[in-house]
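# Residue-level structure breakdown
Chain by chain, the residues:
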Amino acid sequence: AQSVTQLDSHVSVSEGTPVLLRCNYSSSYSPSLFWYVQHPNKGLQLLLKYTSAATLVKGINGFEAEFKKSETSFHLTKPSAHMSDAAEYFCVVSGASNYQLIWGAGTKLIIKP
Amino acid sequence: DGGITQSPKYLFRKEGQNVTLSCEQNLNHDAMYWYRQDPGQGLRLIYYSQIVNDFQKGDIAEGYSVSREKKESFPLTVTSAQKNPTAFYLCASRVGYAGELFFGEGSRLTVL
């Protein structure tokens, strides 16, 4: 069975410092992986996706993620946090049925001025 | 501009009433989804549809119904059988089984 675990429910960083949001997954085959961002009371926007091409994936707004098969991880990073990055972030893995997706519980990113 | 439109953005319902949330997309996507989001939780799948006139139950389909009569439309009805309907509802579409989801802005339903 497929599963995804976001290791932190909240992450707090100071503006200008690096961001690390952690995601581990479980899959019996080579999955597709996604990171989405949600600002309060809004829909979700795709940050980046991994679909078995390059293991280092660059996304929008300076975010990137690295697919590490040996560690079953897909952590999201950004070198320097901005106040506008404050939001909730979701890690998603494709399910056994390709039309279904398995969602992590989300990580709330807090940016301190 | 292509995208997904959900309406209404806010909806209030009295107990015992059915309500229908609209979702329309002009992205020409085959697959459409309805999710429910509660505070502090991830997204939970209610229903999804891969093609017109076909849909499948997700993890929490009880108390909900859908239809898919047109490719661009996937309305969700929250029935009186749904015991705790107050939530944020998100509609999404997808171009294929490996593609990403595109989301609407969501509909917030409150039961009075």
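Fair warning: this is a prediction, and the values are worked out from it, not measured in the lab. (Residues numbered from 1 in each chain as written. Chains lettered and ligands numbered in written order. Predicted model: local features only at pLDDT ≥ 70, side-chain atom pairs only at ≥ 80, totals over all residues. Heavy atoms only, no water.)

### Focus on the overall build of chain B
For clarity, the cut-off: Runs of E in the DSSP output that reach at least two residues are strands. Runs of H or I that reach at least four are helices, and both are numbered from the N terminus. Residue contacts follow a heavy-atom distance rule, with two residues in contact if any of their heavy atoms lie within 4.5 Å. In summary, the charge assignment counts Lys and Arg as positive and Asp and Glu as negative, without counting His or the chain termini. Every charge is mapped onto a representative atom, which is NZ of Lys, CZ of Arg, CG of Asp or CD of Glu.
A count of helices and strands for chain B gives zero helices and 11 strands. In chain B, the order of α-helices and β-strands from amino to carboxyl end is β-β-β-β-β-β-β-β-β-β-β. Its C-alpha atoms put chain B at 35 × 25 × 25 Å along the principal axes. Considering only intrachain contacts with a sequence separation of at least 6, the fraction spanning at least 24 residues in chain B is 51%. Across chain B, the 12 positively charged side chains and the 12 negatively charged ones have centroids separated by 6 Å.

### Here we look at the interface of chain B and chain A
Note the following rule: For this analysis, a salt bridge means a side-chain nitrogen from Lys or Arg found within 4 Å of a carboxyl oxygen belonging to Asp or Glu. Counting of polar contacts relies on pairs of N or O atoms within 3.5 Å, with two restrictions inside protein: one atom must be capable of donating a hydrogen and the other of accepting it, and residues adjacent in sequence are counted only when both atoms are side-chain atoms.
On the side of chain A, 20 residues touch chain B, which itself brings 24 residues to the contact. Applying the counting criterion to the chain B and chain A interface returns two salt bridges. Taken together, the links from chain B to chain A amount to five residue pairs in polar contact (both at pLDDT 80 or more). At the level of elements, β4 (31-37), β5 (43-51), β9 (87-94) and β10 (101-103) of chain B are the ones that each hand at least two residues to the side of chain B that touches chain A.

### Re the pattern of salt bridges
To keep things clear, this is the line we draw: Exposure classes here rest on a 1.4 Å probe applied to the protein chains alone. A residue is buried below 20% of its type maximum, exposed above 50%, and partly exposed in between.
With the rule as written, the count across this model stands at eight salt bridges over all chains. For Arg22(A), the salt bridge is made with Asp8(A), and the minimal N-O distance between the two is 3.0 Å. With Arg22(A) in the loop between β3 (19-21) and β4 (23-26) and Asp8(A) in the loop between β1 (3-6) and β2 (10-14), this pair connects stretches of sequence that are 14 residues apart. Here Asp38(B) ties to Arg44(B) by a salt bridge, and the two come within 2.7 Å at their closest N and O atoms. Asp38(B) gets classed as buried once you look at its relative accessible area, which sits at 11%. What makes Arg44(B) partly exposed here is its relative accessible area of 31%. Through salt bridges with shared partners, a single network forms among Arg36(B), Asp38(B) and Arg44(B).

### Considerations on the state of the cysteines
Residues and elements named next belong to chain A. Spelled out, the test is: Only a pair of cysteine sulfur atoms within 2.5 Å qualifies as a disulfide here.
For the structure shown, the criterion picks out two disulfides over all chains. Between the sulfur atoms of Cys 23 and its disulfide mate Cys 91 the distance is 2.0 Å. Judged by the sign of its S-S torsion, about -65°, the bond between Cys 23 and Cys 91 is left-handed. With Cys 23 in strand β4 and Cys 91 in strand β10 (residues 87-94), this pair connects stretches of sequence that are 68 residues apart.

### Examining the sheet that holds strand β1 (residues 4-7) of chain B
Residues and elements named next belong to chain B. Using the following cut-off: Criterion used throughout: strands pair if DSSP finds at least two bridges between them. The axes are straight lines fitted to the C-alpha atoms, using for helices just the contacting stretch, and the angles between their N-to-C directions are given from 0 to 180°.
In space, the four strands of this open sheet follow the order β1-β3-β8-β7, with antiparallel pairing throughout. Each end of this open sheet is capped by a strand with a single partner; those strands are β1 and β7 (64-66). Within this sheet the neighbouring strands show an average axis-to-axis angle of 20°, counted without direction. Pairing of strand β3 (residues 19-25) with strand β8 (residues 76-78) involves three bridges; the strand directions are antiparallel.

### With respect to the pairing of strand β6 (residues 54-57) of chain B
Taken together, the three bridges between β5(B) and β6(B) define a ladder with antiparallel strand orientation. Along β6(B), the bridge assignment pairs Tyr47(B) with Lys57(B).

### What to know about the packing of aromatic side chains
This is how it is decided: Note on ring pairs: Phe, Tyr and Trp rings are taken, using the six-membered ring of Trp, and paired if centres are within 6.5 Å. Classes follow the plane angle, with under 30 degrees stacked, over 60 edge-to-face and the rest tilted. Definition used: whenever NZ (Lys) or CZ (Arg) falls within 6 Å of the ring centre and also within 35 degrees of the ring normal, the charge is taken to sit over that ring.
Going through the model one piece at a time under the given rule, you end up with 15 aromatic pairs over all chains. Seen from their ring centres, Tyr36(A) and Phe103(B) are 5.6 Å apart, and the 85° between their planes marks the pair as edge-to-face. With Tyr36(A) in strand β5 (residues 33-38) and Phe103(B) in strand β10, this residue pair bridges two chains. Accessibility classification places Tyr36(A) together with Phe103(B) in one group, the buried group. Relative to Tyr35(B), the ring of Tyr33(B) lies with its centre 6.1 Å away and its plane at 10°, an arrangement referred to as stacked. What makes Tyr35(B) buried here is its relative accessible area of 1%. A network of ring pairs unites the aromatic residues Phe34(A), Tyr36(A), Phe90(A), Trp103(A), Tyr33(B), Tyr35(B), Tyr48(B) and Phe103(B) as a single cluster. Of note, Arg68(B) hangs over the ring of Phe74(B), and the distance from its end group to the ring centre comes to 5.9 Å.

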